[in-house]
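# Coordinate analysis (summary)
Spelled out from the first residue to the last, the chains are:
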Amino acid sequence: MHYSIGVDVGGTQTRVGLVDSNSNLVGYQQCQTQLHFTACEVRTIATKNHGLIVFPTPTLKRYPSYSVETLQHILVEYIIQAVKQLQKDNPSVVISSGVVSFAGLVKDNAVITKAADLYFTWGRWGETDISDSFFLKQQLENKKPEMTWFIVNDVIAAAFRYARLYPQVQTLALVTISTGVGYALFNRSASAFGEKDLVSLGHRTVDLSSEALDCDCGGKGHLTAYFSGKAVETRVRERASHDLHKFAHSSLCGVLRERFSSMSLEEKKEQLQSAASVSLIHKNADLSDREMTTFLQKTSLSIQDLQKNKNELFLLATMITNREIAIAINNKDAFVMDYINEMMEKFSPQFQEILNRGPKKIVIMGGFVLSIQKVFLEMLITHISKGSEDKQAQTYLQKNVEWALGDDLDGVIGSVCAKQQFDKKLQGEVTRSIDTRGSTVFEMQACTEKYTSYIRTCNVFEPSNITLQNILTRRSEGTPKVMVVTDSHLSFRLEEKMRGYFQTSALSFSHYKIACTADISMRDVEALLLAAKTFKLGRKDYFLTIGSRATLHCGGLAAAIYRRGIPHIFIPLDDRLEDLATSRNTVDMDAQETKASVSNYHLPSFIVLDETLVQRYSPQILPTIKTTLLKDHYRVVFAHHLFDLDNTTLSSYVPGNAAFVVISEAADIIYGEKIKRYLNVNKIYYRYYVYAGGENNKYFTQVLALVRQILMGYDPKEMLICIGGGVTMDLAGFAAALTEKPYIRIPTTLLGVIDAGIGVKVGCNYQGTKNFLGDFYAPLVCLNDVTFLQTVSPRNMRAGLAEVLKMGIVREPKIVKIIEDYHNRLMPERLQTGRYASALLELATYWMLKELHTNLHEDKTLKRLVDFGHTFSPCLEMNSGHRILHGEAVAIDMAICAQLAFLQGYCTEETRNRIIHVLMAVGLPIFDEACDAESLFKSITDIRLARGNNLHLPIPARVGKMVFIEHISFDVLKKTLEYLKSTDLNNKKFKSDIQTTGQQYDIAHHCVLV
């Protein structure tokens, strides 16, 4: 079960609650208590009832002497204090996200750009200057960096709640008639809300006469001046005070007299001191303080006394609230109904607009209209159908209009529903189908949102300026490291200020200066990468680039491929700002070779605009946040005999009939002539590049050599086709990412089919660290032809099977069961035939894609189940000089994790034994002489850097169920390795004895465990 904080910021009150993944409020049975919140020396009393914390929203109306910025700060502080209280009340619950429903215009689910009813006169906030916007998401993340925050408009949030309650409805309109008037149209088939789906009706002009009423926004004749809950109360008060005779003879007066007799003196005073009452009383000059006092002290009011004393009748009229108006309307009191009819005449044309959009369900919300549901619907039908002639409209409204629940949870629960829908959209999906050729096709669709925030400031490197500190500490536990990149445009004075800033702020930084901006090339990028690795920059540390656009590209490219991408901040020193958040990072291959360049689409996380450094720019052309949606859509196709001359599978994916083929040396020896003949017969023009292959040839030097070959005769229609094992997939894919070429993968090893071929990670080894540089770059398609496995050596088949076993242990126990029962048949046949062979490959592929697709770019979390077997294995491979194959290192890693899980009480002895049994059953190692406890324990430091300063070590609780641990001791690791070494030696001896006697040997059932 997942839990989120739901926050509903309304014009009067803010509500905060804990919501589970089933959209239920947690702790709904708790009793009412009072809480005291304090921010900026402003204290307020919040109530906690039924698990919901409610406090008054800090607005200009409530605190007119405070600045807008102060009120924003107070709101954020109150929300954080409410969140901490809910965390305290629910200690066993892990709260990972917070969602805020806000009564205002929301941009990019992060920034409030207009909120007239809460803070500003209409149109002031966010109209012309980015500094006027409310960066609510950023401020909340600064205060609560361990939670992800999401901001949504309040009406949209409510629409999502009711869309969840009416799952069979395709289109739903949520109409709100409260402080504001508007509607949101939810369409289940649409990917997101568009601009036309959220419509404000409140500030439309509905009265052009000279007597049009004033609106709070300063305009005249707007709908909210007549139709909002507040407006109804105000207008009925005014009408009653101006026509006391009619008021005295109305049922409204009778209801009010009854209420007056039950009110205490304090309640009467409070009612008369309301803004609307005071305004009306000031207009009546005949009232004296004595008359006011006499009126308040009365215990009851007779109609006869009121008719004699017009002033008392007037005072009673000023005390009218929506409560009495609702009772009068439900009694169809003529005095009130006259006004309501006028109001409906102005509203019905606006409501007709909603009907014209054809929603299948209309939900109406708003405290006042909910109290007069029956009469309101009758009047709406009358005005919409123009009497009783239009039976169709009458039937439609009676059938399709529903009323909101009125439980004050629309914003709290609806905001979480909106976030869940948003997450679902980003997660994409994995589907399986059979194509017209009879091939099994897995299709992956995933979306990733990237944000670039523009932040304006002055004197960013002044010690008192906390802009950079807020950015740098928002996501990191502890103090992050910063790699500062500058160029020759940076003056000596500014460089000294920058250095002084980092030294006084206690931020760990390293400074790399590009000597000549005019000749920036890949040599500068390589030098910057080496400097960053020497500085031990981690996954959650930062590149900070200060300078020109060329410097941005250099720092941006380095940030993109360093550990497959770390956050990047840019402080520009020129005024060409329009496309900074969309331009690619383009760098020349060599200083003199301007035509050959590499590029990458890695967006800065923040662009800091320092007015003292950039003098000229137009705020109107700059967004507050630039959102880019990265879409990954690719296929994994299980085809057979790809290079038979009449097989059109491959040629159908090469529409331009031009290809650049990258093939491993081993694959070229066996299949090279057949591949060339296929390309010639199918009239595909090709260039052919044979790659030596192997981990010893998987370095950045080889990547750049391949990039040069690709760029040498660059053809935009050319498709890159990589053929070979996992190393070839990684290296050629990285070259494709740097040249932004579409590419096809054709793996020829089991490891490539199951692992390297179907993910989106590409990369290379760097400075003694495996896969240190790289990117996330999806292929167009991965074509898996199992006939290639006929030529794979038994050792490499076993190594590939380790990745298959990994997915079984992590997600699907059926995989482990098939291998346990049928490995003696499947491995000699190299998975060529039989339903168990195809089931094994397809199950492993499906679960790998399923596990990857929700976090394809590793931007949501660095806790990944597919990292099982990949914590100690990189160190084992590098320490052995790549004597140990990748799959073998993964097998040893899994054995280590199984024993660690047993020693620390996370799994049973039976689970530990089963995992080790099956590894040895297929001939995979569980120990090697490269398993040195000191070096493996030391490698954990680099693993933490790659996983955001956390270990995130997945270990088995049982087959199909994993847990993550964050700490292991050296002693426990040493004991683990001693156990595995003893077990490995015993079983090697046992196997040797069995083979000597000539008996049949099945290690799966006879291995000896220490």
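Note on numbering: residues in each chain are counted from 1, in written sequence order. A pLDDT threshold of at least 70 governs which residues receive local features in this predicted model, and a stricter bar of 80 or more applies before side-chain atom pairs are shown or counted, although totals over entire chains, interfaces and linings include all residues. Excluding hydrogens and water, the side-chain figures rest on all heavy atoms present in the structure.

Our working definition: UniProt positions are given in the numbering used here, feature names are shortened, and annotations may be inferred rather than shown by experiment.
The UniProt entry for the protein carries the following comment under Cofactor (unreviewed entry): "NAD(+)". UniProt, in the comment section headed Sequence similarities (unreviewed entry), describes the protein in these words: "Belongs to the ROK (NagC/XylR) family."

## Regarding the overall build of the protein
To keep it simple, the criterion reads: Helix and strand definitions here come from DSSP, where helices need a minimum of 4 consecutive H or I residues and strands a minimum of 2 consecutive E residues; each element is numbered from the N-terminal end. Every residue pair with non-hydrogen atoms within 4.5 Å of one another is taken to be in contact. Here, Shrake-Rupley sampling with a 1.4 Å probe gives the accessible areas, and only protein chains in the shown set may cover a residue.
Looking only at helices and strands, the protein features 35 helices and 33 strands. Contacts in the protein between residues at least 24 apart in sequence constitute 73% of all its contacts with a sequence separation of at least 6. Accessible area of the protein: about 42200 Å², with a carbon and sulfur share of 48%.

## Comments concerning the pairing of strand E19 (residues 542-547)
Using the following cut-off: Burial classification: accessible surface area is computed with a 1.4 Å probe over protein chains only, and a residue below 20% of its type maximum counts as buried, one above 50% as exposed, and the rest as partly exposed. For two strands to be treated as a pair, DSSP must find at least two bridges joining them. Seen with the strands pointing away from the viewer, any crossover whose path from the first strand over the helix to the second strand runs clockwise is right-handed.
Across the six residues that make up E19, a large majority, six, are buried. Going residue by residue along E19, you find Tyr542, Leu544 and Ile546 tucked away on one face and Phe543, Thr545 and Gly547 tucked away on the opposite face as well. With five bridges joining them, strand E17 (residues 481-486) and E19 adopt parallel strand pairing. Bridged to valine 482 within E19 is tyrosine 542. Across five bridges, the pairing between E19 and strand E20 (residues 568-572) is parallel. Its bridge partner lying in E20, phenylalanine 543 is registered against histidine 568. Handedness of the E19-helix H22 (residues 549-561)-E20 crossover: right-handed.

## A short note on the side chain of threonine 224
One can find threonine 224 in helix H4 (residues 224-227). Relative accessible area serves as the criterion here: at 10%, threonine 224 is assigned to the buried category. When neighbours within four sequence positions are excluded, threonine 224 is seen to be in contact with Thr179, Gly180, Val181, Gly202, His203, Cys215 and Ala231.

## Some remarks on the packing of helix H28 (residues 813-826) against helix H29 (residues 835-853)
This is how it is decided: In this analysis an axis means a line fitted to C-alpha atoms, helices contributing only their contacting stretch, and an angle means the value between N-to-C directions, from 0 to 180 degrees. Definitions for this section: a left-handed crossing has its near helix turned counterclockwise from the far helix by less than a right angle. A right-handed crossing has that turn clockwise.
Contact pair H28 / H29: the axes reach a minimum separation of 10 Å and the direction vectors enclose 140°. In this structure, H28 crosses over H29, and the sense of that crossing is left-handed. Here H28 contributes Lys814, Ile815, Ile818, Ile819, Tyr822, Arg825 and Leu826 to the contact with H29, which in turn contributes Tyr836, Ala837, Ala839, Leu840, Leu843 and Ala844.

## What about the environment of leucine 924?
Relative to the helices and strands, leucine 924 is located in the loop between helix H32 (909-921) and helix H33 (933-946). It is 9.5 Å that separates the C-alpha atoms of leucine 924 and valine 890, two residues lying 34 residues apart in sequence.

## Quick look at the pattern of salt bridges
Which entries qualify depends on this criterion: A pair is scored as a salt bridge if a Lys or Arg side-chain nitrogen falls within 4 Å of a carboxyl oxygen belonging to Asp or Glu.
Scanning all chains against the criterion turns up 40 salt bridges. For glutamate 495, the salt bridge goes to lysine 513, with nearest N and O atoms at 3.2 Å. With glutamate 495 in helix H20 (residues 492-504) and lysine 513 in strand E18 (residues 508-513), this residue pair connects regions lying 18 residues apart in the sequence. In this structure, arginine 539 engages glutamate 858 in a salt bridge whose closest nitrogen and oxygen atoms are separated by 2.6 Å. On the criterion of sequence distance, the pair formed by arginine 539 in the loop between helix H21 (522-534) and E19 and glutamate 858 in the loop between H29 and helix H30 (873-879) is long-range, its members being 319 residues apart. An identical accessibility class is assigned to arginine 539 and glutamate 858; each is buried. Overlapping salt bridges, with partners in common, bring together Arg539, Lys761, Glu858, Arg864, Asp867 and Arg947 in one network.

## Structural notes on the packing of aromatic side chains
Think of a pair of aromatic rings as described by two things: how far the centres are apart, and how the planes are tilted against each other in angle. To be explicit about the condition: For Phe, Tyr and Trp, where Trp contributes only its six-membered ring, two rings pair if their centres lie within 6.5 Å, and the inter-plane angle classes them as stacked under 30 degrees, edge-to-face over 60, or tilted in between. Either the NZ atom of lysine or the CZ atom of arginine qualifies as a charge over a ring when it sits within 6 Å of the ring centre and within 35 degrees of the ring normal.
Scanning all chains against the criterion turns up 29 aromatic pairs. For the pair phenylalanine 442 and phenylalanine 638, a centre-to-centre distance of 6.3 Å together with 75° between the ring planes defines the contact as edge-to-face. With a gap of 196 residues between them, phenylalanine 442 in strand E16 (residues 440-457) and phenylalanine 638 in strand E24 (residues 625-639) connect regions that are remote in the sequence. When sorted by exposure, phenylalanine 442 lands in the same class as phenylalanine 638, which is buried. Summarising the aromatic geometry, the rings of phenylalanine 461 and tyrosine 501 are spaced 5.8 Å apart at their centres and angled 70° between planes, so their arrangement reads as edge-to-face. Separated by 40 residues along the polypeptide, phenylalanine 461 in the loop between E16 and helix H19 (467-472) and tyrosine 501 in helix H20 bring together distant segments of the chain. Taken together, the ring pairs in this structure connect Phe347, Phe351, Phe376 and Trp403 into an aromatic cluster. The ring centre of tyrosine 162 lies 5.8 Å from the NZ or CZ of arginine 161, which sits over that ring. Sitting over the face of the ring of tyrosine 688, lysine 676 holds its NZ or CZ atom 4.5 Å from the ring centroid.

## A closer look at the environment of histidine 511
Our working definition: A 3.5 Å cut-off defines polar contacts: any pair of N or O atoms within that distance qualifies, except that in protein one atom must be a possible hydrogen donor and the other a possible acceptor, and neighbouring residues in sequence count only when both atoms are side-chain atoms.
Relative to the assigned elements, histidine 511 resides in strand E18. Through-space distance from the C-alpha of histidine 511 to that of glutamate 495 is 9.9 Å; in sequence the pair is 16 residues apart. Discounting residues that sit within four places of it in the chain, histidine 511 has contacts with Val484, Thr486, Glu495, Met498 and Arg499. A distance of 2.7 Å separates the side chain of histidine 511 from the side chain of threonine 486, its partner in a polar contact.

## Some points on the confidence of the model for the protein
For clarity, the threshold we go by: The pLDDT score gives, residue by residue, the confidence of the prediction method on a 0 to 100 scale.
Scored by pLDDT, the protein comes out at a mean of 84, with 90% of its residues at no less than 70. At the level of individual helices and strands, the protein shows its lowest average pLDDT in helix H35 (residues 1003-1006), which scores 36, and its highest in strand E28 (residues 743-747), which scores 97. Below pLDDT 50 for its whole length, residues 618-622 participates in 10 contacts with residues either more than four positions away or in separate chains. Counting interchain partners and residues more than four positions distant, the pLDDT-below-50 stretch residues 997-1010 has 32 contacts.

## What to know about the sheet that holds strand E12 (residues 198-200)
Strand order in the open sheet formed by five strands is E12-E11-E10-E13-E14, with mixed pairing between adjacent strands. Each having just a single partner strand, E12 and strand E14 (401-403) make up the two edges of the open sheet. With strand direction ignored, the average angle separating the axes of adjacent strands in the sheet is 20°. Direction of pairing for strand E13 (residues 361-365) relative to E14: parallel, over a ladder of three bridges. Residue pairing in the sheet places valine 363 in a bridge with glutamate 402 of E14.

## With respect to the environment of serine 288
Inspection of the secondary structure assignment puts serine 288 in the loop between helix H9 (275-282) and helix H10 (289-297). Judged by relative accessible area, serine 288 falls into the partly exposed class, the value being 29%.

## Regarding helix H14 (residues 334-356)
We apply this condition: Multiply 1.5 Å by the residue count of a helix minus one, and that product is the helix's expected span. What is called the bend at a residue is the angle between a pair of axes, fitted to the seven residues leading up to and ending at it and to the seven starting from it.
Taking 1.5 Å per residue, 23 residues should reach 33 Å; H14 reaches 32 Å between its end C-alpha atoms and fits that length. Where H14 bends most, the angle comes to about 35°, and this point is phenylalanine 347, followed within four residues by the proline proline 349. Looking one or two residues beyond H14, the residue adopting positive phi is glycine 358, at roughly 70°.

## Description of the packing of helix H16 (residues 373-384) against helix H17 (residues 391-400)
Quick note on the threshold: When an angle is under 35 degrees it counts as roughly parallel; over 145 it counts as roughly antiparallel; between 65 and 115 it counts as roughly perpendicular; any other value is oblique.
For the pair H16 and H17, interaxial distance at closest approach is 9 Å and the crossing angle is 150°. With respect to H17, the element H16 is oriented roughly antiparallel. The handedness of the crossing between H16 and H17 comes out as right-handed. On the side of H16, the interface is formed by Leu377, Leu380, Ile381 and Ile384, while H17 contributes Ala393, Gln394, Leu397 and Gln398.

## Side note on the sheet that holds strand E6 (residues 95-102)
Spatially, seven strands are ordered E3-E4-E5-E2-E1-E6-E9 in an open sheet, and the strand pairing comes out mixed. Of all strands in the sheet, those bounded by a partner on one side alone are strand E3 (33-39) and strand E9 (148-153). With strand direction ignored, the average angle separating the axes of adjacent strands in the sheet is 20°. Lying on the sheet, helix H1 (residues 68-89) is in contact with strand E1 (3-9), strand E2 (13-20), E3, strand E4 (42-49), strand E5 (52-56), E6 and E9; it crosses E3 at an angle near 140°.

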